[in-house]
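Each chain, letter by letter, is given below.
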Amino acid sequence: MRDRSGRLVAAATAAATISLSVLVATTTPAAAANENHPFPTHFTYRTGVMPSASQADRDAAVKKQYDSWKKAYLRSACGGYLIYATGDAPGKGTVSEAQGYGMNIVPLMAGYDPNAKAEFDGLWKVVQDHRDSQGMMMWEINGSTCKYADSGTPDGATDGDLDIGYGLILADKQWGGYTAAAKDWLAKFYAADVAPDGHLKCEDDGPNNDTRPSDFMLDHLRAFAAYDTAHDWNKVVTRTEAVIQEFTAKYSPNANLLSDFVVGANGTSPKPAPADYQESQPDNIVGYNSVRVPWHMGTDALVYGSPVTKAVATNESNSYKAKSGGNPAKIYPHTKLDGTPTNTGDQCECANDPVGVAAMAAGDQAWTDALWKYLATNPFDDTYYGETLKMLVYIVMAGDYWAP
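All of these numbers come straight from a predicted model, not from anything done at the bench.

Visitor: Honestly, the overall build of the protein in this entry has me stumped. Any pointers?
Guide: Helix and strand counts for the protein stand at 14 helices and seven strands. Relative to a compact globule of 404 residues, whose C-alpha radius of gyration would be 22 Å, the protein shows 19 Å and is just as compact. Along the first, second and third principal axes, the C-alpha atoms of the protein reach 55 × 45 × 45 Å. Looking at the protein as a whole, 60% of its 404 residues qualify as buried.

Spelled out as structure tokens, the structure:
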């Protein structure tokens, strides 16, 4: 079974060598494609607050992070482009999670990046060339051999495949020409990754009774419902919200935190998975997977105004604020479901930054401003994972995340 919990073990080594080891694309800037939503978009969210920094300063911060992120992690390889997932794949390779993130970031930055369409097409080509038997992306690719990098039969991971589908929709709305590809991908995803009751499976070859809350990208699912009427995405939305509410009511009624993995998702009593369910970290609490939940809940609340995700984002934001004393540096990756940190010696900006989006949805101005300010730092020397989450959080917090 895949295990991404070792990503920070290799972070220090990767950070020390990244400037020498990353192959950066050196194509001559081309004329920008015709964009329908060129950056910056300045999308008006349905709820919450924005950081107090000026819009110009927020846009500048996004551009700065994008320039840094692209130089470090967008790599020309395997006949196209891949996102270099430091510590997560051999041969300067990638994982489907990273490829999906790239396919979201690049179309959102089109208009600023004149090469965005060519880069997106290169990312998509690598996906197309590395599909498993169900049509999803093989979850781990060796960047040197360009072959599947895990043992056993190639399979796909739900989070990366969700983002790839969303990226295709973004590209179609940004430039046009991706409708057939997007609908084909969504059809295959629905068949492979949606359990019979409508909840999201952890992977396309996995059982029908578990789920991973970091895959609860409800804003993506709502966009799928509007774009692909051939499949019942509203069923997936409804069941995902039900799992959230059923789980938090029993296991995290105040903080509304969700464990890294959940079992019993196909019934009315979902519960935390056993501690060693899939990864070499406690899977029954918040860990390196569920640190992303505040970002996903907050994004859906901001963009679509969902009362379910707004309530969860608000409670999570309040919990992190209370437990950290309002200090973003004291938000930790491993957290019990009551909000108590379990390992204060383990830190990652991947845990701090996503809370900023939840704080916005909660309407907490002071906490939002503190987290926005903290985004500009990287005190733990994060590489791909933390810096990519930061990139996506920056786009949302700046008001440059638009709904396709």
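Visitor: For this particular structure, what's the right way to read the nonpolar core?
Guide: One broad trend across soluble globular proteins is that nonpolar side chains are buried collectively. Core analysis: the largest hydrophobic core is formed by 109 residues, its most contacted members being Phe120, Leu168, Leu221, Trp233 and Tyr384. Dropping the residues within four chain positions of it, leucine 221 is found in contact with Leu162, Leu200, Trp233, Val236, Val237 and Thr240.

Visitor: Help me understand the state of the cysteines in this model?
Guide: Here is the idea: a disulfide is a covalent bond, and it sits between the sulfur atoms of two cysteines. The full count for this structure, using the stated rule, is two disulfides. Here cysteine 78 is linked by a disulfide to cysteine 146, with a sulfur-sulfur distance of 2.1 Å. Between cysteine 78 and cysteine 146, the disulfide has an S-S torsion of -95° and is therefore left-handed. Within this pair, whereas cysteine 78 is found in the loop between β1 (74-77) and β2 (80-83), its partner cysteine 146 is found in the loop between β4 (140-141) and α5 (158-174), the two being separated by 68 residues in sequence. Residue cysteine 78 is classed as buried on the basis of its relative accessible area, which comes to 14%. Between the sulfur atoms of cysteine 348 and its disulfide partner cysteine 350 the distance amounts to 2.0 Å. The two residues cysteine 348 and cysteine 350 agree in class, both being buried. Once the bonded cysteines of the protein are numbered in order along the sequence, the disulfide links fall as 1-2, 3-4. Cysteine cysteine 202 shares no disulfide, and the gap to the nearest cysteine sulfur, in cysteine 350, comes to 19 Å.

What counts as what
Residues numbered from 1 in each chain as written. Predicted model: local features only at pLDDT ≥ 70, side-chain atom pairs only at ≥ 80, totals over all residues. Heavy atoms only, no water. Helix = DSSP H or I, 4+ residues; strand = E, 2+ residues; numbered from the N terminus. Rg over C-alpha atoms; globule rule 2.2 N^0.38 Å. Buried < 20%, exposed > 50% of the residue type's maximum accessible area, 1.4 Å probe, protein only. Core = buried A, V, L, I, M, F, W, Y, C linked by side-chain atoms within 4.5 Å. Contact = heavy atoms within 4.5 Å. Disulfide = S-S within 2.5 Å.

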